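Fold and contact review
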Amino acid sequence: WNFGPSYKQVKSVSSIVNLIIRKSEKNIKVIVLRNKNYESYCIQLNSSKSKKQLNWKSKYNFEDSVNLTYDWYSRYLIDKSSIISEQIDSFYKKK
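These numbers come from a predicted model, not from an experiment.

In this section: the packing of helix α1 (residues 13–24) against helix α3 (residues 62–76). Where α1 contacts α3, the axes come no closer than 10 Å and their chain directions differ by 55°. Viewed along their axes, α1 and α3 adopt a mutual orientation that is oblique. The handedness of the crossing between α1 and α3 is right-handed. Between α1 and α3, the residues in contact are Ser15, Ile16, Leu19, Ile20, Lys23 and Ser24 and Phe62, Glu63, Val66, Asn67, Tyr70 and Asp71, respectively. Per-class residue counts for the contact of α1 with α3 are six nonpolar, three polar and three charged.

Glancing now at the packing of aromatic side chains. Summed over all chains, the structure comprises five aromatic pairs. Summarising the aromatic geometry, the rings of tryptophan 72 and tyrosine 73 are spaced 5.0 Å apart at their centres and angled 85° between planes, so their arrangement reads as edge-to-face. On the basis of relative accessible area, tryptophan 72 is assigned to the partly exposed category, the value being 24%. Pairing tryptophan 72 with tyrosine 76 gives two aromatic rings, centres 4.5 Å apart and planes at 15°, and the pair type is stacked.

With phi around 55°, glutamate 25 is a residue other than glycine that occupies positive phi space. Among the structural elements, glutamate 25 can be located in the loop between α1 and α2 (48–54). A residue is classified by how much of its surface remains accessible, and glutamate 25, at 74% relative accessible area, is exposed. In this structure, asparagine 55 takes a positive phi of about 55° despite not being glycine. Classification of asparagine 55 by relative accessible area gives exposed; the value is 68%.

Rules used throughout
- Residues numbered from 1 in each chain as written.
- Predicted model: local features only at pLDDT ≥ 70, side-chain atom pairs only at ≥ 80, totals over all residues.
- Heavy atoms only, no water.
- Axes fitted to C-alpha atoms, helices over the stretch in contact; angles between N-to-C directions.
- Helix = DSSP H or I, 4+ residues; strand = E, 2+ residues; numbered from the N terminus.
- Parallel < 35°, antiparallel > 145°, perpendicular 65-115°, else oblique.
- Left-handed = near helix turned anticlockwise from the far one by under 90°.
- Contact = heavy atoms within 4.5 Å.
- Nonpolar A, V, L, I, M, F, W, Y, C, P; charged D, E, K, R; others polar.
- Phe/Tyr/Trp six-rings, centres within 6.5 Å; stacked < 30°, edge-to-face > 60°.
- Buried < 20%, exposed > 50% of the residue type's maximum accessible area, 1.4 Å probe, protein only.

By themselves these figures say nothing about function.
This is the structure we're talking about:
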């Protein structure tokens, strides 16, 4: 089972990286290496099974999803239980 955005909301890998850099408020320089190993410009999940069989749809837009993920990883390293509880509570309160 995959859970992700619709095809219309797909973003590039660079857009995710740029949002994380902005969120981090750090001066990070990204260097894109061109080498013989293939890297996808766009990474995408096929969520059609989840949507069809579970009637699932995302509650978060792209920016909210990246921000929540960034916050989770940042805070998880400091206090594991705090961020998990807060995000679960927030998810159930979101309509």
